[in-house]
Amino acid sequence: MDAAELRVRRATYQRFVELGRAPSWGEVAEAVGVSEEEVRAAWRRLHDTHALVLDEAGEIRMLNPFAARPTDFRVDAGGRSWYANCAWDAFGVGAALHVDSEFDTHCADCGEALHVRVRGGQPDDDSFVFHVLVPAARWWNDIGFT
Amino acid sequence: MLLFRSEAHVDRWLAGRERGAVIPITKLAELAARWWSDRISPDWQPHTREQNQAILDEVGLTDPFWNLG
């Protein structure tokens, strides 16, 4: 990752946190002082190195731990609501923002609503479990499925 | 990467498929804190595979399942 890509990546995260949603090419271009085309190209390279995940249109799909689209992991942190890509990322939103958090999801088996409060980095209910189906070496073969 | 009420719910959901890895959410919280804490820092630098593997090791996820390859 070169210096230009790092600047675009940093600005993309900053704008995501400021806006509470995925920024557009133009919003990042303005923040960095480069063209939209340069942002699009940098995002593509960052996607290829797994620093973010684009959708088919080349827009942000995942800026881990944040999700650009609604998911079953809705997180409240820092006085805002966010979506996370998975249970790992749901804990990650508070960790990345360095604030306490809470999130809502459902048991993937029975569908029961699960609510987790995280205070000082630890969940208030330790009875739930996290399951990863795909071995770590294959996570990025299909990160959406993972 | 899903959450379940208990291990029994994981097994029911798998319906005979091979299990992946199951960890308590206390460990997941510990892992997430280490994995994501620098993500929006202005000083962030890309993690190497070795750095990420070290984080998994530090929280005790040393089974081959967690080998990043």
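Residues numbered from 1 in each chain as written. Chains lettered and ligands numbered in written order. Predicted model: local features only at pLDDT ≥ 70, side-chain atom pairs only at ≥ 80, totals over all residues.

**Q** Explain the overall build of chain B here, please?
**A** Counting its secondary structure elements, chain B contains 3 helices and 2 strands. Taking 11 Å as the expected radius of gyration for a compact globule of 69 residues, we find that chain B reaches 14 Å, considerably beyond that expectation. The principal-axis extent of the C-alpha atoms belonging to chain B is close to 45 × 25 × 15 Å. A burial count over chain B gives 22% of its 69 residues as buried. (Helix = DSSP H or I, 4+ residues; strand = E, 2+ residues; numbered from the N terminus. Rg over C-alpha atoms; globule rule 2.2 N^0.38 Å. Buried ≥ 20, exposed ≤ 12 C-beta atoms within 10 Å, placed from the backbone.)

**Q** I'm lost on the environment of alanine 33 of chain B in this one. Help?
**A** Structurally, the position occupied by alanine 33 of chain B is in helix α2 (residues 25–36). Judged by the 21 C-beta atoms lying within 10 Å of it, alanine 33 of chain B falls in the buried class. As a C-alpha pair, alanine 33 of chain B and leucine 14 of chain B span 19 residues in sequence and 28 Å in three-dimensional space. Leave out the neighbours within four places in its chain, and alanine 33 of chain B touches Ala95 and Gly121 of chain A. (Contact = placed C-beta atoms within 7 Å.)

**Q** Would you explain the interface of chain A and chain B in this entry?
**A** When the parts of a complex come together, some accessible area is lost, and that lost area is often taken as the interface size. Between chain A and chain B, the contact holds 38 residues from the first and 34 residues from the second. Sorting the residues of the side of chain A that touches chain B by element identifies α1 (3–19), α4 (87–97), β7 (113–119), β8 (122–123) and β9 (129–132) of chain A as the ones contributing at least two each. The leading source of residues in the side of chain A that touches chain B is α4 of chain A, at 6 residues. Considered class by class, the residues forming the side of chain A that touches chain B number 27 nonpolar, 7 polar and 4 charged. Direction of pairing for β9 of chain A relative to strand β1 (residues 2–4) of chain B: antiparallel, over a ladder of 3 bridges. Residue pairing in the sheet places phenylalanine 130 of chain A in a bridge with leucine 3 of chain B of β1 of chain B. (Nonpolar A, V, L, I, M, F, W, Y, C, P; charged D, E, K, R; others polar. Pairing = 2+ DSSP bridges.)

**Q** Help me understand helix α2 (residues 25–32) of chain A in this model?
**A** The α-helix winds at 3.6 residues per turn, so residues separated by three or four positions along the chain end up facing the same way. All names here are of chain A. Of the positions making up α2, those classed as buried are Trp25, Val28, Ala29 and Val32. Summarising the axial view, the buried residues of α2 lie within an arc of 105°, below the 170-degree limit, and thus occupy one face. On the buried face of α2, the contacting elements are α1 and α3 (36–48). A positive backbone phi angle near 85° is found at glycine 33, which sits one or two residues after α2. (Arc of directions from axis to C-beta.)

**Q** Help me out: how do you make sense of the nonpolar core in this one?
**A** One broad rule of soluble globular proteins: the nonpolar side chains tend to lie buried together. Core analysis: the biggest nonpolar cluster contains 57 residues, and Leu63, Ala84, Ala87 and Val93 of chain A together with Leu28 and Ala32 of chain B have the highest contact counts within it. Looking at which domains feed residues into this core, each of domain 1 (3–53) and domain 2 (74–123) of chain A supplies at least three. Ignoring sequence-local partners within four residues, the contact set of alanine 32 of chain B consists of Trp88, Phe91, Gly92 and Ala95 of chain A. (Core = buried A, V, L, I, M, F, W, Y, C linked by C-beta atoms within 7 Å. Domains from an automatic or database assignment.)

**Q** Would you explain the domain arrangement of chain A in this entry?
**A** Each assigned domain of chain A is listed here: domain 1 (3–53) and domain 2 (74–123). Its C-alpha centre places domain 1 of chain A at a distance of 25 Å from the equivalent point of domain 2 of chain A.

**Q** It is not clear to me how the confidence of the model for chain B should be interpreted in this structure. Could you clarify?
**A** In regions of low pLDDT, the predicted coordinates are not meant to be interpreted in detail. Of the residues in chain B, 100% have a pLDDT of 70 or more, and the chain-wide mean is 93. Model confidence for the complex: the whole-complex pTM is 0.90, and ipTM, which rates the interface, is 0.92. (pLDDT = per-residue confidence, 0-100.)

**Q** For this particular structure, what's the right way to read the sheet that holds strand β2 (residues 21–24) of chain B?
**A** The strands that make up a sheet pair up through hydrogen bonds in the backbone, lying either parallel or antiparallel. Within the open sheet, the 3 strands sit side by side as β1(B)-β9(A)-β2(B). Their pairing is antiparallel. Among the strands making up the open sheet, the edge pair consists of β1 and β2 of chain B. Strand-to-strand twist in this sheet, taken as the mean axis angle between neighbours without regard to direction, amounts to 30°. (Axes fitted to C-alpha atoms, helices over the stretch in contact; angles between N-to-C directions.)

**Q** Can you walk me through the sheet that holds strand β2 (residues 60–63) of chain A in this structure?
**A** As summarised here, the arrangement of the 8 strands in space is β1-β2-β3-β5-β4-β6-β7-β8 (chain A), forming an open sheet in which the pairing is antiparallel. Because the sheet does not close on itself, it has two edges, and the strands there are β1 (53–54) and β8 of chain A.

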